[in-house]
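# Notes for the structure review
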Amino acid sequence: MYWEADSNGGLILTDYLELVKNRLEENYKDSPMLDDAVVLVAKAFDSESAGGKTAVQDILKEIVRKLTEGTVTELEAIESLLEEV
Amino acid sequence: MAQKKFRIANVEISGFRGYKDSLTVGFGTPVVMFFGGNGSGKSSTLGAIEWCLFDEFASVAIDKRGSRDELLHEQYSKANVILEMTGPKKLKVTRSKKRNKKQAELNIELDEGPGEDIANPEHELYSNLNLGFDDFVRAVYLHQENVRGMLTDDPVARDKAMDRLFGLERLRNISDGLDLKKVKDAIKSLSARRQGALNKLQSHLDEASKAYEEAEMKAASFEIPKASVGLSLANKTFRKTLDSVSRISKSVGAECPEIPKPGSHGSLLNAAEVLRSSVGRIRRRLPGQEEISSLASALTKLNSLKSDLANLMTRQGVADRDIKSFEKEHGSHEKLTKDLNTTSGKMIRLEKERNETGSKERVILDGLEYLQEFAPARCPICGEKIDADDACQHLKEEVQEVVGEKLKQLKTRIAEMQEEEDQLESLLETCDDLEDRLEKAKSEVDDILEDVAKELGQPISSGKKGMELLGRKCTDLEAQRKKLEKPLKKREEELQEIELWLTQMEAIAVALRWKERRDEIVKLQKEKAFKRVDKTLKELGKLEAVVDMVAGAVQIVQSDFAKSLVDDAMPQIKKFYGELVGHPYYKDLQIEVTPKTTRGRVRNSYRIVGSNPKDGAETLAKDRFSTGQMNCVALSVFLALANKGAYSHNIGFLILDDPSQNLDTEHKEALCRILARVAKKSQLVISSQDSEFQKMLKSTFKDAKAITYRFGKWSINGPKIKAV
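Quick caveat: nothing in here was measured; it's all calculated off a predicted structure.

### Details of the overall build of chain B
- A count of helices and strands for chain B gives 19 helices and 14 strands.
- The buried share of chain B, reckoned over its 724 residues, is 46%.
- Summing over all exposed atoms, chain B offers an accessible surface of approximately 37,700 Å²; the carbon and sulfur share of this is 50%.

### As for the pairing of strand β1 (residues 7-14) of chain B
Residue and element names in this part refer to chain B.
- With six of its eight residues buried, β1 lies for the most part within the structure.
- Inspection of the sheet shows β1 paired to strand β4 (residues 78-86) by seven bridges, in the antiparallel sense. Following the sheet pairing, Val-11 is matched in β4 by Leu-83.
- Across four bridges, the pairing between β1 and strand β2 (residues 23-26) is antiparallel. The residue bridging Ile-13 from the neighbouring strand is Leu-23, located in β2.

### Focus on the interface of chain A and chain B
- Chain A puts 56 residues into the contact, and the matching count from chain B is 64 residues.
- For the pair chain A and chain B, the summed buried surface comes to about 5,500 Å²; carbon and sulfur atoms form 72% of the total.
- In this structure, the connection of chain A to chain B is made through six salt bridges.
- Here Glu48(A) makes a salt bridge to Arg170(B), at a shortest N to O gap of 3.3 Å.

### Quick notes on the packing of aromatic side chains
Residue and element names in this part refer to chain B.
- Evaluation of the coordinates by the stated rule reveals 14 aromatic pairs over all chains.
- Here the aromatic rings of Phe-34 and Phe-711 are separated by 5.0 Å at their centres, their planes lie at 55°, and the arrangement is tilted. Here the residue Phe-34 occupies a position in strand β3 (residues 31-36), and Phe-711 occupies one in strand β13 (residues 706-711), the gap between them amounting to 677 residues. The pair formed by Phe-34 and Phe-711 is uniform in burial state, with each residue classed as buried.
- Judged by centre distance (6.0 Å) and plane angle (90°), the rings of Phe-136 and Tyr-141 are edge-to-face.
- According to the relative accessible area criterion, Phe-136 is buried, its value standing at 0%.
- Cluster of aromatic residues (ring-pair linked, three or more members): Phe-54, Tyr-126, Phe-133, Phe-136 and Tyr-141.

### A few points about the packing of helix α10 (residues 289-330) of chain B against helix α13 (residues 463-485) of chain B
All names here are of chain B.
- Interaxial distance between α10 and α13 falls to 9 Å at its minimum, and their mutual angle equals 160°. Between α10 and α13, the interaxial angle falls into the category roughly antiparallel. In this structure, α10 crosses over α13, and the sense of that crossing is left-handed.
- Of the residues belonging to the contact of α10 with α13, the class tally is 15 nonpolar, five polar and seven charged.

### Re the sheet that holds strand β9 (residues 601-611) of chain B
All names here are of chain B.
- With antiparallel pairing, the three strands of this open sheet are ordered in space as β8-β9-β10. Unpaired on one side and paired on the other, β8 (588-598) and β10 (618-620) mark the two borders of the sheet. Neighbour-to-neighbour, the strand axes of this sheet turn through a mean angle of 30°, independent of strand direction.
- Alignment of β9 against β10, held across three bridges, turns out to be antiparallel. Looking at the pairing, Gly-610 lines up with Thr-619 of β10.

### Some remarks on the pattern of salt bridges
- A full pass over the atoms with the stated rule returns 50 salt bridges over all chains.
- Taking the shortest distance from any N to any O, the salt bridge between Glu455(B) and Lys301(B) comes out at 3.5 Å. With a gap of 154 residues between them, Glu455(B) in helix α12 (residues 388-456) and Lys301(B) in helix α10 connect regions that are remote in the sequence.
- A salt bridge links Glu494(B) to Arg491(B), with the nearest nitrogen and oxygen atoms 3.0 Å apart. Taken together, the residues Glu494(B) and Arg491(B), both in helix α14 (residues 489-525) and three residues apart, mark about one turn of the helix.
- One connected set of salt bridges, linked through shared partners, spans Arg23(A), Glu26(A) and Asp560(B).

### Some words on the packing of helix α6 (residues 169-177) of chain B against helix α15 (residues 528-581) of chain B
Residues and elements named next belong to chain B.
- Following both chains from N to C, one finds α6 and α15 inclined at 150°, their axes separated by 9 Å at the closest point. Relative to α15, the element α6 lies roughly antiparallel. By crossing handedness, the relation of α6 to α15 is classed as left-handed. Between α6 and α15, the contacting residues are Leu-171, Arg-172, Ile-174 and Ser-175 on the first element and Val-554, Gln-555, Val-557 and Gln-558 on the second.
- For the contact of α6 with α15, the per-class residue count stands at four nonpolar, three polar and one charged.

### Overview of the nonpolar core
Residue and element names in this part refer to chain B.
- Core analysis: the largest hydrophobic core is formed by 95 residues, its most contacted members being Met-150 and Ile-591.
- No other element matches α15, which puts 23 residues into this core.
- Apart from residues lying up to four places away in sequence, Ile-591 is in contact with Met-162, Val-566, Met-570, Ile-573, Tyr-606, Arg-607, Ile-608 and Val-637.
- Of all hydrophobic cores here, the second largest spans 46 residues; its members include Leu-131, Phe-136, Val-140 and Ile-655.

### Observations regarding the confidence of the model for chain B
- Here chain B averages 89 in pLDDT, while 97% of its residues score no lower than 70.
- Scored as a whole, the predicted complex attains pTM 0.62, and scored at its interfaces, ipTM 0.87.

### Observations concerning the side chain of Arg68(B)
Residues and elements named next belong to chain B.
- Its place among the elements puts Arg-68 in the loop between α1 (42-54) and β4.
- Its relative accessible area of 10% is what places Arg-68 among the buried residues.
- Within the local environment of Arg-68, its side chain forms a polar contact with the side chain of Asp-55, the two groups lying 3.1 Å apart.

### Here we look at unusual backbone geometry
Residue and element names in this part refer to chain B.
- Here the phi dihedral of Arg-17 falls at roughly 50°; this positive angle occurs in a residue that is not glycine.
- Locating Arg-17 in the fold gives a position in the loop between β1 and β2.
- The backbone phi angle of Glu-223 is positive, close to 65°, even though this residue is not glycine.
- Looking at where Glu-223 falls in the secondary structure, it is placed in the loop between α7 (180-221) and α8 (231-252).

### A short note on the pairing of strand β6 (residues 105-110) of chain B
- Of the two faces of β6(B), only the one carrying Leu106(B), Ile108(B) and Leu110(B) is buried; Glu105(B), Asn107(B) and Glu109(B) on the other face are not.
- In this structure, the hairpin formed by strand β5 (residues 91-98) of chain B and β6(B) is closed by a connection of six residues, where Asn100(B) is found at a positive phi of approximately 70°.

### Concerning α15(B)
- A maximum bend of about 60° is found in α15(B) at Ala569(B), where proline Pro571(B) lies one to four positions downstream.
- A positive phi of about 55° marks Gly582(B), the residue just after α15(B).

### Concerning the side chain of Asp159(B)
Residue and element names in this part refer to chain B.
- By the element assignment, Asp-159 lies in helix α5 (residues 155-165).
- Here Asp-159 sits buried without a salt bridge, and the closest side chain of opposite charge, Lys-596, lies 5.5 Å off (N-O distance).
- In this structure the side chain of Asp-159 is engaged in a polar contact, spanning 3.1 Å, whose partner is the backbone nitrogen of Tyr-606.

### Description of the sheet that holds strand β7 (residues 141-142) of chain B
Residue and element names in this part refer to chain B.
- The six strands are arranged β7-β11-β12-β3-β13-β14 in an open sheet whose pairing can be described as mixed. The two strands at the open ends of the sheet, each matched to only one other strand, are β7 and β14 (721-723).
- Two strands pair when backbone bridges link them, and strand β11 (residues 653-657) and strand β12 (residues 683-688) are joined in this way by five bridges, in the parallel orientation. Each bridged residue has a counterpart across the sheet, and for Asp-657 the counterpart in β12 is Ser-687.
- Packed on one face of the sheet, helix α18 (residues 665-681) meets β3, β11 and β12 and runs near 140° to β12.
- Helix α19 (residues 691-700) rests against β3, β12 and β13 of the sheet, and its axis sits at about 155° to β3.

Conventions used here
- The written sequence of each chain sets the order in which its residues are numbered from 1.
- Chain labels run from A onward and ligand labels from 1 onward, assigned in the order the entries are written.
- Only residues with pLDDT of at least 70 are given local features in this predicted model, and only at 80 or more are side-chain atom pairs given and counted; all residues enter the totals for whole chains, interfaces and linings.
- With hydrogens and water stripped out, all remaining heavy atoms of the structure feed into the side-chain values.
- Strands are runs of DSSP state E lasting at least 2 residues, helices are runs of H or I lasting at least 4, and numbering of each runs from the N terminus.
- Three labels apply to residues, based on accessible area from a 1.4 Å probe with only protein chains included: buried if under 20% of the type maximum, exposed if over 50%, partly exposed otherwise in between.
- For the area figures, the Shrake-Rupley method with a 1.4 Å probe applies, and any residue is considered shielded solely by the protein chains shown.
- Strands pair, by our definition, only if DSSP identifies at least two bridges between them.
- Any two residues having at least one pair of non-hydrogen atoms within 4.5 Å are treated as being in contact.
- Defined here as a combined quantity, buried area equals the accessible surface (1.4 Å probe) lost by two parts on assembly, summed across both.
- Basic side-chain nitrogens of Lys or Arg form a salt bridge, by our definition, when they fall within 4 Å of a carboxyl oxygen of Asp or Glu.
- The pairing test for Phe, Tyr and Trp rings, Trp by its six-membered ring, is centres within 6.5 Å, and the orientation test on the planes gives stacked under 30 degrees, edge-to-face over 60, and tilted for anything in between.
- Only the stretch in contact is used when a helix axis is fitted, and all axes are lines through C-alpha atoms; the angle between N-to-C directions ranges over 0 to 180 degrees.
- Any angle that falls under 35 degrees is termed roughly parallel, while one over 145 is termed roughly antiparallel, one within 65 to 115 roughly perpendicular, and all others oblique.
- Left-handed is the label given to a crossing in which the near helix is rotated counterclockwise from the far helix by less than a right angle, and right-handed is the label when the rotation is clockwise.
- For this classification, Asp, Glu, Lys and Arg are treated as charged, while Ala, Val, Leu, Ile, Met, Phe, Trp, Tyr, Cys and Pro are nonpolar and the rest, including Gly, are polar.
- By convention a nonpolar core is built from buried Ala, Val, Leu, Ile, Met, Phe, Trp, Tyr and Cys residues, the set being connected through side-chain atoms within 4.5 Å.
- Known as pLDDT, the predictor's per-residue confidence is scaled from 0 to 100.
- Whenever a nitrogen or oxygen atom comes within 3.5 Å of another N or O atom, the pair is scored as a polar contact, on the condition that within protein one atom can donate a hydrogen and the other can accept it, and that pairs from neighbouring residues in sequence are kept only if both atoms are in side chains.
- Two axes are fitted around each residue, one to the seven residues ending there and one to the seven starting there, and the angle between them is reported as the bend at that residue.
- Counting rule applied: Lys, Arg positive; Asp, Glu negative; His and chain ends not counted.

Next up, the structure:
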């Protein structure tokens, strides 16, 4: 039950981040990628607060860019070598 | 007695949205109503409360990534909102933001004193209010935009509006923002490029391997076994070739090349090229070689002359034979000329005779004409009557018949002569051509005989003699050449052997070149970059899985949360729906939440169903409900959630921005009845631009402690607000 409010009075302050983290830990407790997922979700929430949906898209773009940047350059170097061979 | 929950005492706004100079709006009553037209500043005033508490302004889409200067009045460099609340304690919240600064500052003051001592004002504020922005949107502040989305025909927009009503917009944004497409595209693009490069490498490798194999086979054809193809054998061959070339060069006085030991296929090919040039030089420097070359050149020339002379003599013979044959058949040129002259003379005479005959006929006929006209009617001698007309006519006819016959004969003769003349002229033309041809052939034979005479150094009397002398000379030169060539044969054999070694060197070099290229390609295949690409692809795959995990978890929370809210609040939603809509048939309402994949993303889909509790009949709200009734559904959801939420958070006010959109009079009356009840528990802040609804609200709260603000037309100096 996510909504804790009841007639006895409960905490309504909804912390979606905690809820999603809990869900991840519950569903993927044995996954080696759990830690990465927790980091990503925290980043996503931060970005959403700072810039909405677009900012979330931007962090994903940025991660992809960082991952591929050097590799693409090296691949281009090989492609260039291949043209010469 | 202190209130249990926080209510708004007043709001002071400056430089925020349409507000310019500082303006304080008092909220010191249980009911606060904002009346005014569109764009008069009502929503900005309500939004100022939201921004002050949460640094959010949900009514307008603002790009949060920028400095959010849309929040500021265009002529102000700073927005400032001070919200004073009373409740369990006094709480003064101040939020301000400067132009070009993204971050807004928050300051709170409590009963205890000024906010400087509060280390984390955001946390302190939330602790006091006991709710976050999502809860605020869900349970305190009904935005008109959330209702508006419910009134459209677009199911996606309706689901989005429901998500907003349930305070799930943040999760929806995150779910939408975690778009796997970018990751998938990156994986696809990188994989394609990696595969493309590998394919290209494989293609190059196949080509190089094939070429290497062919080069090895070619080397084998020069007696080099496959196993021996290598720089070592190439260098041995090079060494003996260089030694032989040096030795022979020295013996013939030719320049001896200095070539370093080849270390690669490239230098091996260069060395072979240099040595080949040396062999050429040796050949040219061999004793007697020049004479042989000179003899060969002279022989070529003489043979050419001999061949040309033979051809021209044949041509002359043919021309001579042709003209003789012609003369035998048609006679000589002189005879033909004579015959032509005779024929021409005959023709002239016949023409003359024809002209004269014609003239005579004319004279006779003219005489007869005269007689016919002027002859006396009677004979002057005998006086007998004369019939001159008949006689003349008879004579004329006789003359015409005789002369006509003569002229016909002459014409036939002339035509015969003409034909004969044409034939003779044609034959003379042919005879001229044949004579010209013979003349030309003779002239050409004479010319070449002059050349032959010059070449042989003696006069030539005839073609036959020329042929005989040329034959003799060629035989003589051939004999001389053979005599000179005999001692060079051994040297030539030596040089040919060197050339074979050079060919072997070249074959090895070509094979080595392809082997080297093949090795380079194999090395490229093992490049670290490919390993790094594989590693990146693995990391991207991992990212894809992580994003999928996170998006999945967000979607589950979003869906479970919405379901939980619906389950929990449904009885109250139904109650408000029954009271607000008062539908004559579909008296009951059900809301079902199911995850649905839309545009590649899993989102909450809300199925809103009206039903009749008696007969169980159902209808989808979207199919049968009016926009007013859909607004009632939205209001029911909000009021139910607000009512539920009132148990736990510490906010004792409710904000409804323009809640009467598309409602008819009965709906508005029902809403007023509900609001009257709400106002007994919470401070009610309500804005409306609907004059009918305004009247109803005034009437509803006429006995309550209420304040109404009339918003006039907005100007650049800010909203014109008047308490009434």
